Amino acid sequence: MNPLIEQLIRPHYRQMAGYVSAGMEAGKHAGIIYLNANENPYELPGLEGCNRYPEPQPPALLTAYAQTYEVEEGNIVMTRGADEAIVVLTRLFCEPGEDSVLICPPTFGMYAVNAHGMPVEVVEVPLQPSSNSFALDTSGVIQQARERACKLVYLCSPNNPTGNSLPREDMQRICRELSGTSMVVVDETYIEFAQQHSMSSDLETHPNLVVLRTLSKSYSMAGMRMGCLLCGDTDLVHTIRSKCLDAYPLPRASIDAALRALSPAVRELAQQNINKLLAERERMHAVFSDNPLVRTVYASDANFLLLNMDRAGEFVAYCREHALVLRDFSSKPQTRNCIRVSIGTVEQNDIMCRLLADFTTRHR
Ligand SMILES: *Cc1c(COP(=O)(O)O)cnc(C)c1O
């Protein structure tokens, strides 16, 4: 492993032996009798194949991920959603009571939740709100990460809940200047909805870069919990697979679903759906921008819009009474008066527009 990465890992993880499951040792081949994993030999009706443990990192799925994300198979750890990748990184790099992570709020909540669970400290370098976006404080991130020796620096691009992408050159600079100090975790959960290209093409250049990807949003697979982390150091990939993951992390049904979602025909459909959502994002942006209660519609590269509006909390409650649920960020310090609206189908968005129009008539 690259020594600059290895010295960031918690000491006991460097020494401990990894787990080798029965499935990893023997695989599963037709025509062979497997009495090595204490599986039940009887299948139940409608549940054929369920009696056998799934492969820990199925080769066919690894190939599909590698093609989809344009990296080598040795650069991928497949996880239960991007969420599990965050769990695993926190556990591998953060020594409880000693280390810290850095986040740029307002951002995705699970980075801090995992850190607090260790517990390790969470250093905040807020995004800087401008007229219609939130800017990364690149120098602040570098300075704070160095000063506090933050093990993980989370950059969410496009960022949830603000919607903006972070500038590529700034993320590259952060990777470069924090080499040997921090792992830089770029969460690209929403990148399929953005113009900007994935940071995965920088994995070779920056061994301390980790990219998170998921099938949850762009491939309509949130219920199946399938995602991955990508990194340039194949030894780090191997360490995570053998020492940090569960013995059989990926459920069989989720593996099968992911193979289907990433098949050429279904990928084509998923891309068409993304295109529909992008058209609707544009339409909804215009609708919200024209509304007198709405002060700001933030520019979004994701499948949601963040709005700053008068009576934000009241509007969320009004929608809830009419069977439509929004995410209320209006009481959080960095998103005062803000709500997040996911982009739905044309019909769902029409209902949303009608509710906003009715609410506006009552309250202006
Ligand atoms: C939804 C979301 C996730 C979770 O992704 P899963 O793959 O479903 O675990 C991770 N990061 C961000 C920024 C998200 O918004």
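Right above here is the structure, for reference.
Residues numbered from 1 in each chain as written. Predicted model: local features only at pLDDT ≥ 70, side-chain atom pairs only at ≥ 80, totals over all residues. Heavy atoms only, no water.

**Topic: the overall build of the chain**
Stage number 1. When you go through the chain residue by residue, the secondary structure sums to 13 helices and 13 strands.
Stage number 2. The C-alpha atoms of the chain give 22 Å as radius of gyration, which agrees with the globular expectation for 364 residues (21 Å, within 12%).
Stage number 3. Here the chain holds 364 residues, and the buried ones make up 52% of them.
Stage number 4. Across the chain, the fraction of contacts at a sequence separation of at least 24, relative to all contacts at a separation of at least 6, is 70%.
Stage number 5. In the chain, 33 positive and 42 negative side-chain charges are present, and the distance between their average locations comes to 4 Å. (Helix = DSSP H or I, 4+ residues; strand = E, 2+ residues; numbered from the N terminus. Rg over C-alpha atoms; globule rule 2.2 N^0.38 Å. Buried < 20%, exposed > 50% of the residue type's maximum accessible area, 1.4 Å probe, protein only. Contact = heavy atoms within 4.5 Å. Lys, Arg positive; Asp, Glu negative; His and termini not counted. Charge placed at Lys NZ, Arg CZ, Asp CG, Glu CD.)

**Topic: the environment of Lys 28**
Stage number 1. Looking at the element boundaries, Lys 28 is found in the loop between α3 (22-26) and α4 (59-69).
Stage number 2. What makes Lys 28 partly exposed here is its relative accessible area of 30%.
Stage number 3. Taking the C-alpha atoms as reference points, Lys 28 and Glu 55, separated by 27 residues in sequence, lie 8.0 Å from one another.
Stage number 4. What Lys 28 contacts, discounting residues up to four positions off in sequence, is Tyr 34, Glu 39, Arg 52 and Tyr 53.

**A short note on helix α8 (residues 168-177)**
Stage number 1. Among the residues of α8, those classed as buried are Arg 168, Met 171, Ile 174 and Cys 175. Buried residues of α8 fall within an arc of 125 degrees about the axis and therefore sit on the same side. In α8, the exposed residues that point more than 90 degrees away from the buried face are Glu 169 and Arg 176. (Arc of directions from axis to C-beta.)

**As for the pairing of strand β3 (residues 121-124)**
Stage number 1. The pairing of strand β2 (residues 100-103) with β3 spans 4 bridges and is parallel. The residue bridging Ile 103 from the neighbouring strand is Glu 124, located in β3.
Stage number 2. In this fold, the crossover linking β2 to β3 by way of helix α6 (residues 110-117) has right-handed handedness. (Pairing = 2+ DSSP bridges. Right-handed = clockwise from strand over helix to strand, strands pointing away.)

**Some points on the sheet that holds strand β12 (residues 327-328)**
Stage number 1. Pairing is antiparallel across the open sheet formed by 4 strands, whose spatial order is β10-β11-β13-β12. Of all the strands in the sheet, just β10 (294-297) and β12 have a single pairing partner and so form its edges.
Stage number 2. As paired elements, β10 and strand β11 (residues 304-309) share 3 bridges and run antiparallel to each other. In the sheet register, Thr 296 faces β11, and the bridge partner there is Asn 308.
Stage number 3. Lying over the sheet, helix α11 (residues 264-289) contacts β10, β11 and β13 (338-342), oriented at roughly 5 degrees with respect to β11.
Stage number 4. Strands β11, β12 and β13 of the sheet are contacted by helix α12 (residues 312-321), whose axis makes an angle of about 35 degrees with β13. (Axes fitted to C-alpha atoms, helices over the stretch in contact; angles between N-to-C directions.)

**Focus: the packing of helix α7 (residues 138-147) against α8**
Stage number 1. The N-to-C vectors of α7 and α8 enclose an angle of 20 degrees; their axes lie 10 Å apart at closest approach. With respect to α8, the element α7 is oriented roughly parallel. Every pair of crossing elements has a handedness; the one defined by α7 and α8 is right-handed. Contacts between α7 and α8 involve Thr 138, Ser 139, Val 141, Ile 142 and Arg 146 from the first element and Asp 170, Arg 173, Ile 174 and Glu 177 from the second.
Stage number 2. Tallied by class, the residues present in the contact of α7 with α8 amount to 3 nonpolar, 2 polar and 4 charged. (Parallel < 35°, antiparallel > 145°, perpendicular 65-115°, else oblique. Left-handed = near helix turned anticlockwise from the far one by under 90°. Nonpolar A, V, L, I, M, F, W, Y, C, P; charged D, E, K, R; others polar.)

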